[in-house]
Amino acid sequence: IMLISCKQFAQQNDLFEAQRLCHEKKFDQSIVIIDKVIVNPETSGDHSAWYIRSYAYLHYFKQLGLEKYSRTDLIDTAVASAVYSIKLDKAAEYKTNNEDLIKSSAASFYKLCTTLLQDSLNSPRSEAYYLKYKKYTALINPEFDFKQKDLEYYNTTGSLFADMYMKNNFNQKYGDIAKTALLKVLEIDNKNISANINLGILYYNQGATLMRMMDYDVDLAELDVIQENAKKLFKQSLPFMIKVYELDPKAEKALESLQGIYSALLDEEKANEFKQKKEALNKK
């Protein structure tokens, strides 16, 4: 943390005390004092006071264990304080230091969002934290291109929840989260093979799940509804798998899926075509 001139703040003992506590990593104690400093008329307009506040809040957050997941307000306060310090700092004395705090705050949100992706109950919070990461990154780098980060985040989300969908007896909630994420990937890059194949498999598995319901005792009226809905899902799967095949004709998963889709749609000619292509690929 940057040292503050003793001459400049000779009468401002609370400010020095807050700084000293930060040096000793007693950030929770520093926060109590610095929050008084920034409302004191003598120091409320002091950019260094707001910088110390940002530093104390962010590093207190980093000291927390599992509790940090419910205390992201500390990061928000750190960013708001750094932004205000920059505004007050006409000579840009602390500009680099404040920007570093904002970068670190954004990185903290990114780490949180990727960790929460492993927890199926926290998908909305994960995305909220990812959006916070983008918001705070843009504060100091408005020209930053988030395309690659978006592809990475939403592809990872889609893949994880597609896997959860299949491992949890085709739980519809997981399937819907996966679809939403993967469609966001395709909005950015419609040639993304991973997103296309995962969406194709999702729709195909949903159709196959419905078809398995036909093995149970259902009346004819219900049977027609199941068949029609399954058919719609297979048709929804088809363009994604065709796209994968166009991008990579040797993608075995695409060939296998296209064979299954056309077979389910009772187009045996096309099903046999992709069966032969898959067999020819395996002979090489």
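Here, every reference points to the structure presented above.
Residues numbered from 1 in each chain as written. Predicted model: local features only at pLDDT ≥ 70, side-chain atom pairs only at ≥ 80, totals over all residues. Heavy atoms only, no water.

A. Here's a closer look at the nonpolar core. Core analysis: the largest hydrophobic core is formed by 79 residues, its most contacted members being Ile52, Phe109, Tyr130 and Tyr133. Top element by residues in this core is helix H3 (residues 47-63). It accounts for ten residues. Setting aside its immediate chain neighbours within four residues, phenylalanine 109 contacts Thr72, Ile75, Asp76, Tyr129, Lys132, Tyr133 and Tyr136. (Core = buried A, V, L, I, M, F, W, Y, C linked by side-chain atoms within 4.5 Å. Buried < 20%, exposed > 50% of the residue type's maximum accessible area, 1.4 Å probe, protein only. Helix = DSSP H or I, 4+ residues; strand = E, 2+ residues; numbered from the N terminus. Contact = heavy atoms within 4.5 Å.)

B. Up close: the pattern of salt bridges. Per the counting criterion, the structure on display carries twelve salt bridges. Across the pair lysine 134 and aspartate 150 runs a salt bridge, and its minimum N-O distance is 3.2 Å. Taken together, the residues lysine 134 in helix H6 (residues 123-140) and aspartate 150 in helix H7 (residues 147-167) connect sequence positions 16 residues apart. Lysine 134 gets classed as partly exposed once you look at its relative accessible area, which sits at 21%. Since its relative accessible area comes to 12%, aspartate 150 is described here as buried. (Salt bridge = Lys/Arg side-chain N within 4 Å of Asp/Glu carboxyl O.)

C. Expanded view of H7. Taking 1.5 Å per residue as the helical rise, H7 with its 21 residues ought to reach 30 Å, and the 30 Å between its terminal C-alpha atoms agrees with that figure. The first or second residue beyond H7 is asparagine 169, which carries a positive phi of 55°. (Expected span 1.5 Å × (residues − 1).)

D. Examining the packing of aromatic side chains more closely. All told, the structure shown has 19 aromatic pairs when counted by the stated rule. For the pair phenylalanine 109 and tyrosine 129, a centre-to-centre distance of 5.5 Å together with 45° between the ring planes defines the contact as tilted. Taken together, the positions of phenylalanine 109 in helix H5 (residues 95-116) and tyrosine 129 in helix H6 put the pair 20 residues apart, joining distant regions of the chain. As far as burial versus exposure is concerned, phenylalanine 109 and tyrosine 129 are alike and both buried. Consider the rings of tyrosine 130 and tyrosine 153, whose centres lie 4.3 Å apart with planes at 5°: the pair is stacked. With tyrosine 130 in helix H6 and tyrosine 153 in helix H7, this pair connects stretches of sequence that are 23 residues apart. Each residue in the set Tyr110, Tyr130, Tyr133, Phe144, Phe146, Tyr153 and Tyr154 is aromatic and connected to the rest through ring pairs, giving one cluster. For lysine 277, the ring lying beneath its charged end belongs to phenylalanine 274, and the centroid distance is 4.9 Å. (Phe/Tyr/Trp six-rings, centres within 6.5 Å; stacked < 30°, edge-to-face > 60°. Lys NZ or Arg CZ within 6 Å of the ring centre and 35° of its normal.)

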